[in-house]
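# Overview (structure and organization)
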Amino acid sequence: MGPLLLAFALAVAAWLLVVGDLVRRHRPAWHWYLTGYPAAAWRVVFTWRRVAMLNDLAVSRLPARTLVGHLLVKGDPVRPVAPRISFPRATRMGLSVVVRLHAGQTPATYMQAADALVHAWKVHAVRVTSPERGLVLLTATATDPLERPGLASAPAELLSALIGALDTGGAWVMNLRLVPHWLIAGATRLGKSTLLARLITQLAPQPVALVGIDCKGGMELGLFTDRLSALATCRREVVAVLTALVVDMQERMNACRTAGVRSIWELPDRLRPVPVVVLVDEIAELYLSDGTRQSKAEAEQCSTLLLRLAQLGAALGLHLVVAGQRVGSDLGPGVTALRAQLGGRICHRVNDPGTAEMTLGDLNKDAVTVAQAITAQERGVAVCTGPDGGWARARSHLTPTDEAVATARKHSGMTPELPAIKRALVALEGEVK
């Protein structure tokens, strides 16, 4: 019976290993709940006191100063008490722990100890937030969800695009109704163009007008001409298109004022104008000039018109998505003013720290540090902001160019006409001739 039992035990172990590997690859969440979470929860509970003491999270009830006779003695207090924590709660691909702060403690101390918690709990990352006064929420991620960013699900909404995955395992969604204007920064070949292609793929089936501005001769956005209501490929065309959009914006204002509403979304469906999303690829091409009077005038016009659209367009269904490799104040004061109006921020790996600072620095300094840590191998990975003002690491879903072009062509019948822009481009063509 001994050899039979041994053979049976080995067969069961082999079967468990095979099934476990299949579950891990095809149902990672199930694998985490069954095997990963119990072990991680045990490590959290049994290492918490030691980690708290080694990283100055524990506080002693004894004073750091005391009188011995007539002498004032100072030193490190003994018998430190670790902060109280909740039992680790399982999440889809990690766990979360609520910590009750000692009097005088701040979340900054826990942020400094995040790396120590990562090693002690053997997880991929630990994020520190403070949901309310006196509490800290430690959210641990077991593995990097951005290695294989399977596209999470999100409800389909007008002007909402499912871009990819967040480092929390949730869906990365760009909702232009919640955050009307976006700034996207990133060095070449590190995900910026892929993100724009994904955005166009998501917006193409929706009843919206897409306007492309690509002063690199239309090499990027020109691929999607079938779904674009207009495409400007030089600065003279950009001035004409933006001027027409500003005129259209004023007409939308008049319609809202006549109806007694404050946005086009309060208008009846039959009166509501089509939403317009303006996609700008390489913002620097609009602001740089060669020193001639005409070039300077065109750059100033582009700056002024973009700023007007950003300031007034949100309630009128006019949205900006501005992308560039280099975004800095050296492009001119207009860039800084425009940046202030672009509430949504996405920063891929950039070639200079100034661009990361320009993109994220006015919102969160920690986000700048994380963006600068993105490696050249992490294509598509970016730091993005959310509608709540927070930030997260994210990765856009890889959308091949052929797929994006095919989607644009498939939905070309939904491309609305923008008469004002069409007239402006026809008039410009007549002037050139």
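One can find the structure itself at the top, above this paragraph.
Here's a quick rundown of the structure. Computed from a predicted structure; not experimentally measured. (Residues numbered from 1 in each chain as written. Predicted model: local features only at pLDDT ≥ 70, side-chain atom pairs only at ≥ 80, totals over all residues. Heavy atoms only, no water.)

## Observations concerning the overall build of the protein chain
In terms of regular secondary structure, the protein chain is built from 13 helices and 19 strands. Here the protein chain holds 433 residues, and 44% of them are scored as buried. Restricting the contact set of the protein chain to residue pairs at least 6 apart, pairs at least 24 apart contribute 62%. If you sum the accessible surface of the protein chain, you get close to 22800 Å²; carbon and sulfur atoms cover 57% of it. (Helix = DSSP H or I, 4+ residues; strand = E, 2+ residues; numbered from the N terminus. Buried < 20%, exposed > 50% of the residue type's maximum accessible area, 1.4 Å probe, protein only. Contact = heavy atoms within 4.5 Å. Areas by Shrake-Rupley, 256 points an atom, 1.4 Å probe, with all protein chains shown as cover.)

## With respect to the sheet that holds strand 18 (residues 381-385)
Spatial ordering of the open sheet is given by 11-10-19-18-17-12-16-15-13-14, a layout of 10 strands whose pairing is mixed. For this open sheet the edge positions go to strand 11 (171-175) and strand 14 (230-232), each flanked by a neighbour on one side alone. Each strand of the sheet is rotated relative to its neighbour by a mean of 25°, with strand direction disregarded. Both strand 13 (residues 209-214) and strand 14 contribute to a ladder of 3 bridges, which runs parallel. Within strand 14, the position partnered with glycine 212 by the bridge is leucine 231. On the sheet, helix 11 (residues 365-372) packs against strand 17 (344-347), strand 18 and strand 19 (391-396) and is oriented at approximately 30° with respect to strand 19. (Pairing = 2+ DSSP bridges. Axes fitted to C-alpha atoms, helices over the stretch in contact; angles between N-to-C directions.)

## Describing the pattern of salt bridges
Enumeration over the complete set of coordinates arrives at 7 salt bridges. Lysine 216 is the partner of aspartate 281 in a salt bridge, and the nearest nitrogen-oxygen pair spans 3.3 Å. Taken as a pair, aspartate 281 in strand 15 (residues 276-281) and lysine 216 in the loop between strand 13 and strand 14 lie far apart in primary sequence, 65 residues in all. As a salt-bridge pair, arginine 235 and glutamate 298 come within 3.7 Å of each other at their nearest N and O atoms. On the criterion of sequence distance, the pair formed by arginine 235 in helix 6 (residues 235-259) and glutamate 298 in helix 8 (residues 293-312) is long-range, its members being 63 residues apart. Residues arginine 235 and glutamate 298 agree in their burial class; the two are buried. (Salt bridge = Lys/Arg side-chain N within 4 Å of Asp/Glu carboxyl O.)

## Comments concerning the side chain of histidine 181
By the secondary structure assignment, histidine 181 is in the loop between strand 11 and strand 12 (182-185). Here the side chain of histidine 181 touches alanine 310 through a polar contact of 3.1 Å, landing on its backbone oxygen. One polar contact links the side chain of histidine 181 to the main-chain amide nitrogen of leucine 320, over a distance of 3.1 Å. The contacts of histidine 181, once residues within four sequence positions are left out, are Leu309, Ala310, Ala314, Leu318, His319, Leu320, Gln341, Leu342, Gly343 and Gly344. (Polar contact = N/O pair within 3.5 Å; in protein donor to acceptor, adjacent residues only side chain to side chain.)

## A look at unusual backbone geometry
Positive phi, close to 60°, is recorded for lysine 122, a residue that is not glycine. Its place among the elements puts lysine 122 in the loop between helix 4 (114-121) and strand 8 (125-129). Judged by its relative accessible area of 61%, lysine 122 is exposed. Here glutamate 282, not a glycine, exhibits a phi torsion of approximately 65°, which is positive. Along the chain, glutamate 282 turns up in the loop between strand 15 and helix 7 (284-287).

## Structural notes on the nonpolar core
If you look at the biggest cluster of nonpolar residues, it comprises 43 residues, and the most contacted ones within it are Leu245, Ile283, Leu286, Leu306 and Leu320. Residue assignment for this core shows that the elements contributing at least two residues are strand 13, strand 14, helix 6, strand 15, helix 7, helix 8, strand 16 (318-324) and helix 9 (333-341). When residues of this core are assigned to their parent elements, the largest contribution, 9 residues, is made by helix 6. Look past the residues within four positions of leucine 306 in its chain and what remains in contact with it is Leu242, Val280, Ile283, Leu286, Tyr287, Leu320 and Leu338. By size, the runner-up hydrophobic cluster in this structure holds 33 residues, among which are Met174, Ala197, Leu210 and Val277. (Core = buried A, V, L, I, M, F, W, Y, C linked by side-chain atoms within 4.5 Å.)

## Overview of helix 8
Look at helix 8: 29 Å from first C-alpha to last across 20 residues, which is about the 28 Å you get at 1.5 Å a residue. Restricting attention to buried positions, one finds in helix 8 the residues Ser295, Glu298, Ala299, Cys302, Ser303, Leu305, Leu306, Leu309 and Ala310. (Expected span 1.5 Å × (residues − 1).)

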